[in-house]
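# Survey of secondary and tertiary structure
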2 protein chains.
Amino acid sequence: MKKAMLAALIGTSTLLASGTVSAQAKPEDVIKFRQGVYQVVGWHTRTMGGMVKGQIPYDQAEFARNAEIVAMMSTVAPHAFAPGSDKGAPTRARPEIWSDAAGFKKVMDNFQAEATKLAQVAKTAGSVDQVRGQFSAMSKSCGACHDNYRTK
Amino acid sequence: MKKAMLAALIGTSTLLASGTVSAQAKPEDVIKFRQGVYQVVGWHTRTMGGMVKGQIPYDQAEFARNAEIVAMMSTVAPHAFAPGSDKGAPTRARPEIWSDAAGFKKVMDNFQAEATKLAQVAKTAGSVDQVRGQFSAMSKSCGACHDNYRTK
């Protein structure tokens, strides 16, 4: 994905849960959507993690593809937390997501920034050593949200 | 997303379920991932459908964003059908996905083509009338798979 497009996606996704559909959707549908987004994030992050840990041979194109998908999903995620979607189906989302909206936005923005940077770095990374640092930075940005806004 | 990048993504995604991780993942994890992908597809398709039907005001940038996400997910979907993921968790995937792999690939390729075209058209569509035809074409490509490869 080119920078301009990614920037445009990020621009719209910073409007937390402002989507026209999320405002109308049932809480249980928002929760399913949200969990779907994180299934996609988790799947591709695990693939990259496998390469970083040496469990899977490093493949530049495949790593970059995975990073690209996570970067796009990082722009989608903020749309998946419509107010009211704290219940209606089993969810690990903590109330602080809504009661501390500014704090939550900060960690989500950071996830976007780190995921976007990883996708950029991965485009030309000839070896796994060249993505290791930024993969770690992105993983930390995931953890910052999990630690404070997700039940254990 | 620029054409070149989308073409690159499509290039890799035509390798049905060839992902290094999907080969190692547990069937239930593949199923969760698959259902996650389709939650993301469904969410954004419903938003676009709402605009096409006049239930939601047409917003060019928002429609284009949704189309872009579905286009990317259409490249991800083929990775979510690893052999063996026909069981292990509740799934509506029919055995024909694997027994008729060539037929399945055809409908998946068509979904990619139509979703990619919609994303292109949506970039510059000043009115909902300009996306209506291609949205319909993409929806039919979804239906072609649902009719033959998904249980009712």
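Here we summarise the structure given alongside this text. (Residues numbered from 1 in each chain as written. Chains lettered and ligands numbered in written order. Predicted model: local features only at pLDDT ≥ 70, side-chain atom pairs only at ≥ 80, totals over all residues. Heavy atoms only, no water.)

### A look at the overall build of chain A
Threshold: We count a stretch as a helix when DSSP gives it H or I for four or more residues in a row; a strand needs E for two or more, and each element gets its number in order from the N terminus. Buried, partly exposed and exposed residues are distinguished by accessible area as a fraction of the type maximum, computed with a 1.4 Å probe on protein chains only: under 20%, between the cut-offs, and over 50%, respectively. Every residue pair with non-hydrogen atoms within 4.5 Å of one another is taken to be in contact.
In terms of helices and strands, chain A carries seven helices and zero strands. Listed by position from the N terminus, the elements making up chain A come as α-α-α-α-α-α-α. Looking at chain A as a whole, 49% of its 152 residues qualify as buried. The long-range share in chain A, meaning contacts at least 24 apart out of those at least 6 apart in sequence, stands at 78%.

### Considerations on the packing of aromatic side chains
All names here are of chain A. Here is the rule: Two aromatic rings, drawn from Phe, Tyr or Trp (for Trp, its six-membered ring), form a pair once their centres lie within 6.5 Å of each other, and the interplanar angle then sorts them: stacked below 30 degrees, edge-to-face above 60, tilted otherwise.
Applying the stated criterion across every chain yields a total of twelve aromatic pairs over all chains. Aromatic side chains Tyr38 and Phe81 sit 6.3 Å apart centroid to centroid with 70° between the ring planes, which places their arrangement in the edge-to-face category. Linking Tyr38 in helix α3 (residues 27-52) with Phe81 in the loop between α4 (60-76) and α5 (96-99), this pair joins segments that are 43 residues apart in sequence. Overall, Phe81 belongs to the buried group, its relative accessible area being 7%.

### Quick notes on the side chain of Ser141(A)
All names here are of chain A. The following threshold applies: Between N or O atoms, a polar contact is any pair within 3.5 Å; within protein, one atom must be a potential hydrogen donor and the other a potential acceptor, and residues adjacent in sequence are included only when both atoms are from side chains.
On the secondary structure map, Ser141 appears in helix α7 (residues 129-149). Among the residues examined, Ser141 registers a relative accessible area of 2% and is labelled buried. A distance of 2.6 Å separates a polar side-chain atom of Ser141 from the backbone oxygen of Met138. With sequence-adjacent residues up to four places away left out, Ser141 is seen in contact with Asn110, Phe111 and Glu114.

### Considerations on the nonpolar core
Going by this rule: Residues belong to a common nonpolar core when they are buried Ala, Val, Leu, Ile, Met, Phe, Trp, Tyr or Cys residues joined through side-chain atoms within 4.5 Å.
With 82 residues, the main nonpolar core has Phe63(A), Met73(A), Phe63(B) and Met73(B) as its most contacted residues. Mapped onto this core, the elements with two or more residues apiece are α3, α4, α6 (101-122) and α7 of chain A together with α2 (27-52), α3 (60-76), α5 (101-122) and α6 (129-149) of chain B. With near-sequence residues (within four places) excluded, Met73(A) lies in contact with Val37(A), Val40(A), Val41(A), Val40(B), Ile69(B) and Met73(B).

Scope: geometric values only; no functional claims are made or implied.
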